[in-house]
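# Commentary on secondary and tertiary structure
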Amino acid sequence: YRDLHTFELQAPTRLIEWARGDRVCVAGYGQSDGNEILQLIPPPTLLTKENQGLCPERDFKVECGGFSERPVYSLKYVPDTSLLVTSGPPDSSLQVWQVSAEDSDVIKSVSTIATEDGTGQSWAKIATISARAPWVLHGSRLDRVQITEVESRKNVYTTTSRGSEELSNLAFLDCNTLLLCCATGRLCLADIRQRQGLVEAVSVPSVPCSEQWCMGTRHGAQGLEPSYHPVARLSSRGLLTLTDLRKTSELLALGKVRIPSPGSGAEFLCVSWAPALEGYLAISGFDGTVHVYDTQSWDSSGREAEPIFVHKGHAFGGAGGSRDPPLVTAHTWHLQKPRTLLSAASDGSLHVWDWVQPCSKC
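Residues numbered from 1 in each chain as written. Predicted model: local features only at pLDDT ≥ 70, side-chain atom pairs only at ≥ 80, totals over all residues. Heavy atoms only, no water.

The name an unreviewed UniProt entry gives the chain is WDR73 protein, with Thryothorus ludovicianus as the organism.

Counting residues in hydrophobic clusters, the biggest one holds 19 residues, and the most contacted among them are L137, I147, F172 and L178. Those elements that place two or more of their residues in this core are strand 10 (125-129), strand 11 (135-139), strand 14 (167-172), strand 15 (177-182) and strand 16 (187-191). When residues no more than four places from it in sequence are discounted, the contact partners of I147 are W135, V136, L137, K154, N155, V156, Y157, F172, L178 and I192. Judged by nonpolar contacts, the second largest core, of 17 residues, contains L240, I259, I283 and F286. (Core = buried A, V, L, I, M, F, W, Y, C linked by side-chain atoms within 4.5 Å. Buried < 20%, exposed > 50% of the residue type's maximum accessible area, 1.4 Å probe, protein only. Helix = DSSP H or I, 4+ residues; strand = E, 2+ residues; numbered from the N terminus. Contact = heavy atoms within 4.5 Å.)

Right, let's get into the sheet that holds strand 22 (residues 270-273). What the four strands build is an open sheet, ordered 22-23-24-26; its pairing is antiparallel. At either margin of the open sheet sits one strand with a lone partner, and together these are strand 22 and strand 26 (309-311). The average undirected angle you get between the axes of adjacent strands in this sheet is 20°. Pairing geometry for strand 23 (residues 280-284) and strand 24 (residues 290-294), over five bridges, is antiparallel. The partner of Y280 across the bridge, within strand 24, is D294. (Pairing = 2+ DSSP bridges. Axes fitted to C-alpha atoms, helices over the stretch in contact; angles between N-to-C directions.)

On to the sheet that holds strand 4 (residues 35-41). Across a sheet, strands are paired by hydrogen bonds formed along the backbone, either parallel or antiparallel in direction. A sheet is described by the order of its strands in space; here four strands give the open sequence 2-3-4-5, paired in antiparallel fashion. The open sheet has two edge strands, strand 2 (13-19) and strand 5 (61-68), and neither has a second partner. The sheet shows a mean angle of 20° between the axes of neighbouring strands, direction not considered. Of the pairings in the sheet, the one linking strand 2 to strand 3 (residues 23-28) comprises six bridges and is antiparallel in character. Residue pairing across strands places E17 opposite C25, the latter belonging to strand 3.

The next subject is the side chain of R233. Looking at the element boundaries, R233 is found in strand 19 (residues 230-235). Within the structure, R233 has its side chain in polar contact with the backbone oxygen of G185 (distance 2.6 Å). (Polar contact = N/O pair within 3.5 Å; in protein donor to acceptor, adjacent residues only side chain to side chain.)

Time to look at the pattern of salt bridges. Applying the stated criterion across every chain, the model contains eleven salt bridges. In this structure, the salt-bridge partner of R258 is E304, at a minimum N-O distance of 2.5 Å. Here R258, found in the loop between strand 21 (253-257) and strand 22, pairs with E304, found in strand 25 (residues 304-305); they are 46 residues apart in sequence, far enough to count as distant. Given the relative accessible area of 46%, R258 is considered partly exposed. With a closest N to O distance of 2.7 Å, R258 and E306 form a salt bridge. With a gap of 48 residues between them, R258 in the loop between strand 21 and strand 22 and E306 in the loop between strand 25 and strand 26 connect regions that are remote in the sequence. Look at E306 and you get exposed, because its relative accessible area is 51%. Connected via shared salt-bridge partners are R258, E304 and E306. (Salt bridge = Lys/Arg side-chain N within 4 Å of Asp/Glu carboxyl O.)

This part is about the side chain of S235. As for its position among the elements, S235 is in strand 19. When its relative accessible area of 0% is taken as the criterion, S235 is described as buried. Among residues more than four places away in sequence, those in contact with S235 are E211, Q212, W213, L269 and F286.

So, on to the environment of R14. Summarising the element assignment, R14 is placed in strand 2. Here R14 falls in the buried class, since its relative accessible area comes to 7%. For the pair R14 and A345, spaced 331 residues apart in sequence, the C-alpha to C-alpha distance is 7.1 Å. Leave out the neighbours within four places in its chain, and R14 touches A27, Y29, V72, Y73, W123, E267, F268, T329 and A330. One polar contact links R14 to E267, side chain to side chain, over a distance of 3.2 Å.

Encoded structure:
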């Protein structure tokens, strides 16, 4: 490691989200009520543009916080606002939160976005954007995806689909284009300017039906067309596929990653592209580690890929005895620092780490 910071939260943490001012938002998921939502100030060394040497303060600090009456399974900061949107059991409704001004340390609930036929549906996956207005993209199934204006709660768009597959992820590619990933691995595109419905972008590789999938998208430089977003899909058995949306009929690369227990649950499965490092991605959700891969030399052979770095801090830091070892529940990349990641685990540990890259080109 070049640097490693740890912070212990009071409850299992499922989420990490960058907010305005280089702040970090986290939320708990383990309780039926009283789950914390916190906005943290990162260690000063993480905020500096360059390495400033030794720094007396090495911990995260709680800037403000609140409590959710339901477990928080998804949390997104709404860009260019002071709002957060969360979702979680027992239904697919959304909760909107106000991060208070500097003279207050409270994150307060301000509204609820209800969904049609939300009763009995699983919790909603969400994505946010503020290109035209503060919007939230949300849904739990392919035929129930909506865009809602956050402040007015006005419905902007609803998908039309004959299928009702469960969703694992969804994303804005830009203010007009949406990408949806089903738990089966199926990818679908939608253009909100057109009403012809969803278009299947990429078919699923020939794999057992029991596999669960998630996706990660990499956003290019501002002004690029949405077709320049590469997409990574990760399965619960450790299969990784890379796709270029300009050529949806073929896979860019196919790899197999080494995981401890193939076929295990996919509740915390996560794959993410490095925003400031070309061709690098990270995966987690199988155990107490985060694996980083350089995909630039991958091909379509499907051979086993070797990680260039493995973060094992959560696994080593877990409680001993008969308790289960901690499981990494979320990770995210720093938006500007190329090799810096944050990760959270089921034991309430929050780590920020920066590994030493031996490769001279990086």
